[in-house]
Amino acid sequence: MSRKSVSLVGLVLLCCHASLTEQRLQGIFEDPKEPIEERVKDLLGKMNLEEKVGQMTQIERKNASAEVLKSYFIGSVLSGGGSTPKVNATVKEWVDMVNGMQQASLSTRLGIPMIYGIDAVHGHNNVMNATIFPHNVGLGVTRDPQLLKEIGAATALEVRATGIPYAFAPCIAVCRDPRWGRCYESYSEDHRIVQQLTEIINGLQGEAKTDMKGMPYVNGKTKVAGSSKHYVGDGGTVKGINENNTIVDDSALYGMHMAAYVNSVAKGIATIMASYSSINGVKMHAHKQLLTDYLKGKLGFKGFIISDWEGIDRITSPAHSNYSYSIQASINAGIDMVMVPYNYTEFYDGLIDLVKKNAIPMSRIDDAVSRILRVKFAMGLFENPLAVSFKNQLKHSPQKHRELARQAVRKSLVLLKNGKPGNPPILPLPKNAGKIVVAGSHANNLGYQCGGWTIEWQGVSGNNWTAGTTILDGIKATVDKRTKVVYKKKPSDTYSSKEKMDYGIVVVGEVPYAETNGDSQNLTIPAPGPAVIENVCKETKCVVIIVSGRPVVIEPYVDKIDALVAAWLPGSEGQGVADVLFGDYGFTGKLARTWFKRVDQLPMNYGDPKYDPLFPFGFGLETKPIPSTKKPEL
């Protein structure tokens, strides 16, 4: 479509919005000069029960027809993991979809705009060709709040460019057991690092100049409403089992797991997402003491609490076995918006019925809706409900964002070993080596590099899903033109003895996963990874790069290899790995997680009485960049 026709479509949408604004009921709530609380009070007073319950309902985009949005006064729509307008949807197709839905919301009696949300947890990861940053497990290694702020700002801009104003990020879990399938969504086992890195909120939402005292804050059209998650204690479940029970005393609960939420509220986080997990046997989605009394009461949080995907269903076992009870328990506990996401008619009708039966007081409904409206007013959604062209803002951003991601990769790498005992270090590698063999399943697989929550919910395999640079391509682009680089995905046990090579680089690790699918009680490197390490390293100087969402079992291999690098899940910019391997930059990363020897030691965290790690929290060897090749930092 031509630039002229795009502008024309935008003009038509804006004109339609203006026409609808003139026709519908006028009020104080439509005046941006009025204080937010006055606007909330005015609009709430004009709403009937059906409209209020609609605002508390969030549905999946697959259900969000114009008829549904209008008939049920839907307050929010989301994309679940991998849910897109179409395969390989363009930015324009995303914008057109969101604006089409918004037009339906604006055509209702009060014209309350819906808010569209998406899991942008390491960049705008659902969207083809967006920048994919390292997952949080790698970013925690950097201990760099300013870097996180810049990543948040870049992510917000790319999310807004697709017409979406709400991101379900950041995850501020304190992962205490790497067996948990969401551990890569956690910055660290140390709550102090997690607290530091809540600076990403200032990038996503804009930086509030003072303590917001619980008020939601979103500064302008290039920022998004954030959602700190998963409240609270999701990283401390027994045996690291997803959605399991977290058994804690008050010291651990409030001193460790709650700490980053205090920072989030002070920074004006717009929303907080409840956890599937339980605290001492009480499901968080039904935990009134922690949702209402502590978060809203003691901490003074004034944004809204959103459920997780079908989170209220899981209050009962089996899930959805007593849905009326689940609605009652969750809303009375303090959940304000419910991520249904499909069964919206049952939720909508059920909540209305419970209010009419006085099982849920109208005061609780009014509190929930006030919070939702407060966020919408704070982010300027009433004044700017429709997405507009971001061509000017994005004109120079994509390459800048990729350079930022590449920098994040460099800073997130941890050098665990550099040279066998009695031998000199082998890193950085020389660019002018005669022959380098690169081996392993993860060397040339962008999907594996990115991990879960990338394009699809569980992640993908291969290089045809989105833009980026594999580790192999990064190596080829970095070495001298005369250096021969040979890629062998799965070399035989006689390969290294037959092939004359100067160095071997083995890149192996975990295959992508998300949530419960990632729970693991053994944490072993999947086959053929161990065999590749053995076959390449037994007769060649080798560097092993582990691509994983957490520490994995590597003790059996450490003595056989010359250098060991934890690359975590680096995202789309594999060039950042090569930058450090060959000395353009030095290794600086320090473990933000304890690297265990054996799984029978778990859970094991820094400060535990019995602490016997393979590599301790805070460990990381350093190298100096080679002066002649070092490039300036961003």
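Everything numeric in this text was worked out from a predicted model, so none of it was measured.

1. Notes on the pairing of strand β2 (residues 76-79)
Walk down a regular strand and you will see the side chains alternate between the two sheet faces.
Consideration 1: Residues of β2 alternate between two faces, with Ser-76 and Leu-78 on one and Val-77 and Ser-79 on the opposite face, all of them buried.
Consideration 2: Bridging between strand β1 (residues 57-60) and β2 involves three bridges; their strand directions are parallel. Across the sheet, the residue bridging to Gln-58 is Ser-76, located in β2.
Consideration 3: Taking the sense of rotation as the criterion, the β-α-β connection linking β1, helix α4 (residues 66-71) and β2 turns out right-handed.

2. Observations concerning the sheet that holds strand β13 (residues 435-439)
Consideration 1: Pairing in this open sheet of six strands is mixed, and the strands run β12-β17-β16-β15-β13-β14 from one edge to the other. In the strand order of this sheet, the two ends are held by β12 (414-418) and β14 (484-488), each with one partner. Each neighbouring strand pair of the sheet contributes to a mean axis angle of 15 degrees, computed without reference to strand direction.
Consideration 2: Here four bridges tie strand β16 (residues 542-547) to strand β17 (residues 563-566), and the two strands are oriented parallel to one another. Note on β17: the bridge partner recorded for Ile-546 is Ala-566.
Consideration 3: Taken strand by strand, helix α19 (residues 471-478) contacts β13, β14, β15 (503-509) and β16, and its axis lies near 170 degrees from that of β14.
Consideration 4: Here helix α21 (residues 529-537) sits on the sheet and contacts β13, β15 and β16; the angle it forms with β15, its principal contact strand, is near 175 degrees.

3. Here we look at the domain arrangement of the chain
Consideration 1: For the chain, the assigned domains read domain 1 (54-379) and domain 2 (413-615).
Consideration 2: Between the C-alpha centres of domain 1 and domain 2 there is a distance of 33 Å.
Consideration 3: Listed per partner, the contact involves 43 residues of domain 1 and 43 residues of domain 2.
Consideration 4: Counting each side, the surface lost to burial between domain 1 and domain 2 is near 3300 Å², with a carbon and sulfur contribution of 50%.
Consideration 5: It is Pro-178, Arg-179 and Glu-189 in domain 1 that bury the most area against domain 2; as a group they hold 21% of the surface buried on that side.
Consideration 6: If you look at where domain 1 meets domain 2, you find one salt bridge.
Consideration 7: One salt bridge connects Arg-182 with Glu-515, and the closest N-O pair in it is separated by 3.4 Å.
Consideration 8: If you look at where domain 1 meets domain 2, you find 31 residue pairs in polar contact (both at pLDDT 80 or more).
Consideration 9: Considering every element that reaches the side of domain 1 that touches domain 2, the biggest residue donor is helix α6 (residues 136-142), with four residues.

About the criteria used
Residues numbered from 1 in each chain as written. Predicted model: local features only at pLDDT ≥ 70, side-chain atom pairs only at ≥ 80, totals over all residues. Heavy atoms only, no water. Buried < 20%, exposed > 50% of the residue type's maximum accessible area, 1.4 Å probe, protein only. Helix = DSSP H or I, 4+ residues; strand = E, 2+ residues; numbered from the N terminus. Pairing = 2+ DSSP bridges. Right-handed = clockwise from strand over helix to strand, strands pointing away. Axes fitted to C-alpha atoms, helices over the stretch in contact; angles between N-to-C directions. Contact = heavy atoms within 4.5 Å. Domains from an automatic or database assignment. Buried area = accessible area lost by both parts, 1.4 Å probe. Salt bridge = Lys/Arg side-chain N within 4 Å of Asp/Glu carboxyl O. Polar contact = N/O pair within 3.5 Å; in protein donor to acceptor, adjacent residues only side chain to side chain.

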